[in-house]
Every structure is written in C-alpha cells, then in structure tokens.
Amino acid sequence: MSTVPSSRPVALDIRDLVVRLGKGPTADKIIDGVSLQVREGETLCVVGESGSGKSVTSLTVMGLLQKGALVPSAGSVRLVGEELLIASDKRLRQLRATTMAMIFQEPMTALNPVVPVGRQIDEVLRVHTGLDAKARQQRILAMMEQVRLPDVKRIFKSYPHQLSGGQRQRIMIAMALVLEPKLLIADEPTTALDVTTQKQILSLIRELQKDHGTAVLFITHDMGVVAEIADRVMVMRQGRIVETGALDDILRAPKMEYTRNLLASVPSLVPRTPRPASSEPVVLETSGLGKIYRERSFFGTAREVAAAQDVTLTLRKGRTLGIVGESGSGKSTVARCIVRLIDPTSGEVRLRGSEISTLSRQLLRPHRKHIQIVFQDPYRSLNPRVTVGETIAEGPINYGVPRAEALKRAGELLELVDLPADAISRYPHQFSGGQRQRIAIARALALDPDVLVADEAVSALDVSVQAQVLELLDEIQTRLGIALLFITHDLRVAAQICDEVVVMQHGRVVEQGPAGEILTHPQQAYTRQLLEAAPGRGWDFANFQPVAPELQASAASPAE
Amino acid sequence: MFGYLVRRVLAAVPVMGVVALFVFLLLRLTPGDPAAILAGDNATPERLERIRTSLGLNEPLYVQFFTWIDRLLHGDLGVSLISNVPVMKMISSRIEPTISIALSTIVLSILIAVPLGVIAAWKRGTWIDRFVMGLSVIGFSVPVFVIGYVLIQVFAIDLHWLPVQGFRSLSKGFGPFLERLVLPTLALSFIYVALIARMTRAAMLDVLDEDYVRTARAKGITESGVLLRHALRNAAVPVITVIGTGFALLISGVVVTESVFNLPGIGRLTVDAVLARDYPVIQAMILLTSGIYVAINLLIDLAYTLLDPRIRY
C-alpha cells in the first residue's frame, strides 16, 4: 500500500490526550498521552488487545464517552483544525455525521431494530441538511448503490433483521458516509463478520476512501486486517502508544518487544509440519450425521431447515480434528449433536465404539464423561456464583467421586492448566478471559474424557492469550493422549492445531482431509474462497516477512 | 396482519369457553343443593322447587350448560336473586362510573409515568432519578383509601375546590362529570404511576446502553430525538406489558375507590353480590372481568406486532 504524501491536509490531530476514569486529578488514566495524526485519504490502524484504550480514543474524538465516567483531562483533539475537547454539545452534534462519522463492530445491534434502515439513513439528512423528502431519498438510494447494496428500493424499506450481517454493515457505512465526512472512524467494523464478507467490506471501505478522500481511523485487534487496510499502524497497550510507523516497517521490523510478541502470536496460515499418521484406536466416529429443524406453523406447511446433513468424520486417540466454516455452516450444530446437547435427527455417533446418537438420557449418562466440551465465551460459560473448585469438582461428584477427592483433583487440574492453587476457592469474575478459559478446560478435563470438543474455544481471546491457550491444549494432548475436536471459523488457528480438517458450508461437508493438504492445496472452490478471504494471507507475521509464494495456498490446481 | 388478527381472536374463543364452563360449574359444584344455596336458609320447599325449575336444575348437566350458554349469547345473564332485576340491566346501569375512572386513570397514569420514567433513566443516579424513584415507592406503599381520604380532606373539605363524593353521568354535562372524576382518578393513579414509571425507567436503562443509541448519538441527533425516536420506541414493549397486566391492580383498586368516593360502579356491585351470595351477579362479573382480561391481552399482543417488526405475525 502506498503511503499518503505528507502534503495532504491533516483531518484528525490528537496530541497528548489523557482520559481519566472519573473526574479529579488522581483518577486512573485510561488513555495516557496519546498523540496521532490522520491525513485525508490515509488509513491509520490502531491495533491493540482488549483494554488497550483503542475504542476509548475513538469515542473521545466523537464526544461519545459516557458523561462523568470517562473524562478527557488533558491534551487536544483537533478535527480539521477545530478543537473538540472544548466544543459545546451542540457543536459536536453538528460535526457528527457531517465532518466525522463512525461505524461500529456489531452491525446487528448498532442499527435500531424497530426502524426501517432507509429511515435511519434519512434521519442523518433530516438533521443536518435542508433537503426535501424527494431529494433526500434520491441521495440515500444513490449512496446505497455506492455501497453495493442490491435492490436498493426494497432494502430502503427493510428492517435490520431482514438483512444479512454484510448488508447491515453496508447500511452503517452508507449512513456514515452519506454526508461525505472528512474523518471516518471504524471501530472493529469487520470483527463480527465472516471472512468472505469481511474481505468485501474492507475493499469497500478502501474504495470509498479513495473516491471521497476520507481520512480513516481504523480500530482493530486483527493483524490480518491491519495488513489488508493500513497505510500506517499505531500499536497501543494499556492506554499508551507502543509504537507508530508505516505498515511495512511495523510488520517487517517492529522496534518494540510488545509489537514483536503481538506479531509472533498471530498463528500462521501455513499449516504446521504434519505429525506422522496415527494408528491409535478410533475414539469418535460419525456417519451420515444430520440435524433438521422443523418449524411448526399454526396454519400453512411446516418449514424444514437442515442445519447439518450427512456429516461423516473419524477422530483417533491423541489427534486433533478441525471443523472449519463460516457462521451458519453447521459446524457448531455438529459439535452439539456429537456431545448430545442437541439430538441429531439422522446418522450415527460412535463414542469409543458405542453408538450414542439415540440413547436415552439415562443410558447416555455413563458415556457423557468420555466426551466433554469447552465453549466460546468464558465470561458466560462459567456460573458466576459458584467457586472455581466447585465448578471443576461438580462433574466427578456427579459420577460418585467423594467430594474431598474431587476437590483435590480440581487443585491438580488447575495446576495442569497453569493456574495458581489458590484459584480453587475464588470466583470466575476474579479471573481474566484467558484464565477463565483455562478454568473451563480444567472443568472439561475433570472427568478424564477421551474426547474434548472445543467450540470456538479461543475465538473470544486476544491473540497473545489465544496463543497460550492453544499451546496449553497441545501440551495437554501430548500428556494425556486426549482427542480434540476443534470447531473454529479461523483458518489460522486450524492450520496450527489440526491434524485433519473438515470444511463445512450450508450444513454440508465440502471437503475433508489432512490439514496440510486442505489448507495448501484445496480442491474445492469454496475452500479456496475461504483461504483467499483470510485477511493478511500474504504475511507470515511471526517471522516478520511475506509468505514465501510456494507455501501459499495455490488457487490453481482444481479438482480433476 | 389481518390473518394474525383473526387467528388471535379465534384463539380467544376457547379461553372464554373454559371461563364460561368454570363459571357454570361454580354454582353446580358448590357442595349442597344449588337451589338451597340460592334460596337461602329459610326458604320454603315451594320456593326451592320454583328455583329448581327456573334454573332447569332437573335437566341433565350438559343440557343445563348449553341452555345457559345459549341464554348468555343472547345477552341474558339471569336475574338477581336479591333484587329480581335482570343482571344485564344492573351492570349496564352501573358501568359508566367504573369505565370512566378506569380509562381516565390509565390515560392520566401513562401521561405522568412515562415521561417521569424516561427522565429518571436519562438522568440516572442524579437527584431527579432518586426523586422519581422515591415517589414511586410512596405510590406503591400508601393504600388507595388513605390517598383517597387525604385528597378528599385537602381538596374537597379544606379547599372546597371539588365535590366530596358521588358521580354525575356524562350525559348531564361534561363539567359536573369531570369535577367528580378528578379525585377518584388521582387516588387510583398513584399506584399505577408508580408501577409504570418504574418499568419505563428500567426498560429505558436497558435500551440506553444499546449500541443503536450510541449510533443515534453518533449521527448528531439531539438528545430528545435519541430518547424519543430511538430509545422509547424500543423500550415500549415491556412498558405496554406492564400497563396491561397492571389492569389487575386497577380492578381491585376500583372497588376501594368506589367505596371511598361513594360511586355507584360495578366494583361495589360485585362486593355487594359476593356478600349477599347473589350468584347470577357474581357469575356475570367473573365473565365480564375475564372478558376484559382476554381483550386486553389481545390488544397487548397486537401492540407488540405494531411496535416491533421482529415479532412475526
């Protein structure tokens, strides 16, 4: 990406910004001395892990900090030369949408669910322009076409829930850019989207920026996205700037230790060296597994939705099988059917040789302890009112292990997942996200399962924490010989942990085989599409260099 | 939308059927001879027989039921055992005060409580918020009759602004009608305002933390626009629910209010009927209140679909 010449006017100029948690000179600093400039036509990516202050910085610019809770106490924020920190509420309202605009992470929740999307865009024009209804509608429809929405007249009248995630984000972008603001703040705008949609949205933002000369402040935690969109990069940590530089300089020659570690944590898309083929016994097998949801209606005919169809897979002791796919591909449905959290409607699940797909609750009980699951969000999967020790010991106690013994074992498991022994009597809220996921893993291991199902178990974690948890899973597998069924949307994670991969789309298996094969020589168009959409696929972040061309997934060599 | 409406109305039919069956059996399943219950302790055998024949008690139970339903559908609710007046006539002559108070209370409460709740949520944690919440605690904890007597003392007896009690029909002029409606409505509104204000505040607090409220602010919309167009509209569903279910409170409150202000409404009619074991009147009142509940629930469900496009119909 070309660097933007320094002759272009500065749209946003932040100098020595300090934001405190509450008023008063001794309040904690959430942002501590941040300075940055974004020129017209330039994209500055602010990268950082959770708690780095990247979102607070952007909300400060927009004047959207929660009043009284977060207070800018020093420094200056200039938007096209105008100081914002001393601007009145009225002036800030005038500047929003006209000179600065913002798009947010979750396009479902960022749009008002009870107002048609066209009217939500219209509101911007009604507030800020004197155009009549007809002129406004023309302008909105033109903008909606610019963001490549199909059938704009219909979508104009649609409610957010009637649109796809990508379409909603396009509406957000149309709403933000309809008045051609000088500055666009994009706060993780593609994080909630699938990779293929993400790719489209990123190129859309690029294109519109080129057409309108907008300055873009792009906030993300994803190095892949940074590599795709940034001109310059600013790395933040705990409210301070770690380093700033041109994209290439940051990726190739990061100066600071923290940046190096951050880049080193990004899993590579190039699959790890395959382990030798295994002749260990098969612990989990499914054949023709399917789940059909039937929607009953009062009158009319029942609707059928096939969430998963004809899924056949095999997992051996000590191996890792990945199921990858976008949202709605049915990967989680398969995982839940296998663990029998939901009941499959067809096919078989054999756990250690026994068919369990149709067993009653009672008969299933002895099998349950052989297969355990770890969920995505450790903030919601642990009961907040139960101590960590009790959570881990509950399973074994249910299976008749004496309480004292189960608690002792809980202590050992906490040690196994690298948590301090005193964690046993503490509550989940006293731990960080990564620590909680370790607790969730310890809980799953408490029953000595043969199969551990990890359903997007590292997706909610920061990259550095994610790397640690992946390492932990690997270590546990080596020590206990456990089989891992790993559900993920992230091909990078799959490339680093899986022996075999199953690619799913629309509830069906598209392609399956050894990870090294599938992720470098995909035979199916959909798999290739997924790989090509993976952000930053041209970079080997951990080694600070572009990926050698011969290792990149080849788009050629289609199936014979 | 129309199909949904028809479906919902049809779904109300079995509900009312069950209620009717219950009301019918209420009298028949009461231990002892219904005729003896109806006639009272000192009835002569001739009177008992007359009652049996008039109620068709010598017929099989299902014949009795269908005869009763048939009459019901023709607007015949029976005759009061005490006054010998048709029940339908008793109700229609006493329904105006009750409906007037109920409607004016709902309207007044919504007009006061919704803005209070919105402002309290918007200014959360400030003295305004605490004031509104304090007010709502008082509204909940002080009984209707206490509020009623205090209002009478202050506005009718001390200040002579309004009549002490009684009711004047709307057909006799709006002024006298309104004059006598003010105090009962105010008294009854207290608890209702407390309830709705509290719910509005809670619903608004939830909604104000939503991302789309942040989006609205990011668009440069004024605070009033954010609160009314974006927040309140989304907070409306739980508020509507509580307004509807609060009707239970209202009906029991009406009985007390009618007594305090000496209004000839159906609340007092019910109490009198229960005390006198005037079964036909009791039956009619149960049917009436259940019918109102079913109708209100239907209206609430329809309001949901109008307020929230995600609720399918």
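Because the structure is predicted, anything quoted here is derived from the model rather than measured. (Residues numbered from 1 in each chain as written. Chains lettered and ligands numbered in written order. Predicted model: local features only at pLDDT ≥ 70, side-chain atom pairs only at ≥ 80, totals over all residues. Heavy atoms only, no water.)

Trainee: Would you take a moment to explain the interface of chain A and chain B for this structure?
Mentor: Think of interface size as the accessible area that goes away when the parts come together; that is how it is often given. In this complex, chain A contributes 28 residues to the contact, which on the side of chain B involves 20 residues. Both sides of the chain A and chain B interface together cover about 2,300 Å² of buried area, and 59% of this is carbon and sulfur. Applying the counting criterion to the chain A and chain B interface returns two salt bridges. The residue Lys219 of chain B makes a salt bridge to Glu123 of chain A at a minimum N-O spacing of 3.1 Å. (Contact = heavy atoms within 4.5 Å. Buried area = accessible area lost by both parts, 1.4 Å probe. Salt bridge = Lys/Arg side-chain N within 4 Å of Asp/Glu carboxyl O.)

Trainee: I would appreciate a short explanation of the sheet that holds strand 11 (residues 282–295) of chain A in the present structure.
Mentor: Residues and elements named next belong to chain A. If you trace the four strands from one edge of the open sheet to the other, you get 12-11-14-15, paired in antiparallel fashion. Edge positions in the open sheet fall to strand 12 (303–316) and strand 15 (354–355), since each of these has one partner strand only. As defined by bridge partners, strand 14 (residues 346–351) adjoins strand 15 across two bridges and the pair is classed as antiparallel. Across the sheet, Leu351 pairs through a bridge with Ser354, a residue of strand 15. (Pairing = 2+ DSSP bridges. Helix = DSSP H or I, 4+ residues; strand = E, 2+ residues; numbered from the N terminus.)

Trainee: Help me understand helix 6 (residues 127–141) of chain B in this model?
Mentor: Helical geometry note: an α-helix holds 3.6 residues per turn, so side chains three or four residues apart project in the same direction. The end-to-end C-alpha distance of helix 6 of chain B, which contains 15 residues, comes to 21 Å, matching closely the 21 Å that a straight helix rising 1.5 Å per residue would cover. Where helix 6 of chain B is buried, its residues contact helix 5 (87–122) and helix 8 (174–208) of chain B. (Expected span 1.5 Å × (residues − 1).)

Trainee: Hey, could you run me through the pattern of salt bridges in this one?
Mentor: In a structure, side chains of opposite charge can pair up when their charged atoms sit close to one another. All chains considered together, the criterion is met by 41 salt bridges over all chains. With a closest N to O distance of 3.9 Å, Glu188 of chain A and Lys54 of chain A form a salt bridge. With Glu188 of chain A in the loop between strand 7 (183–187) and helix 8 (195–212) and Lys54 of chain A in helix 1 (residues 54–62), this pair connects stretches of sequence that are 134 residues apart. Both residues of the pair, Glu188 of chain A and Lys54 of chain A, belong to the buried class. Among the salt bridges present, the one from Arg124 of chain B reaches Asp209 of chain B, with a minimum N-O distance of 3.7 Å. Of this pair, Arg124 of chain B sits in the loop between helix 5 and helix 6 while Asp209 of chain B sits in the loop between helix 8 and helix 9 (211–218); the two residues are 85 residues apart in sequence, bridging distant segments of the chain. The network of salt bridges with common partners includes Arg272, Arg275, Arg319, Asp474, Asp499 and Glu500 of chain A. (Buried < 20%, exposed > 50% of the residue type's maximum accessible area, 1.4 Å probe, protein only.)

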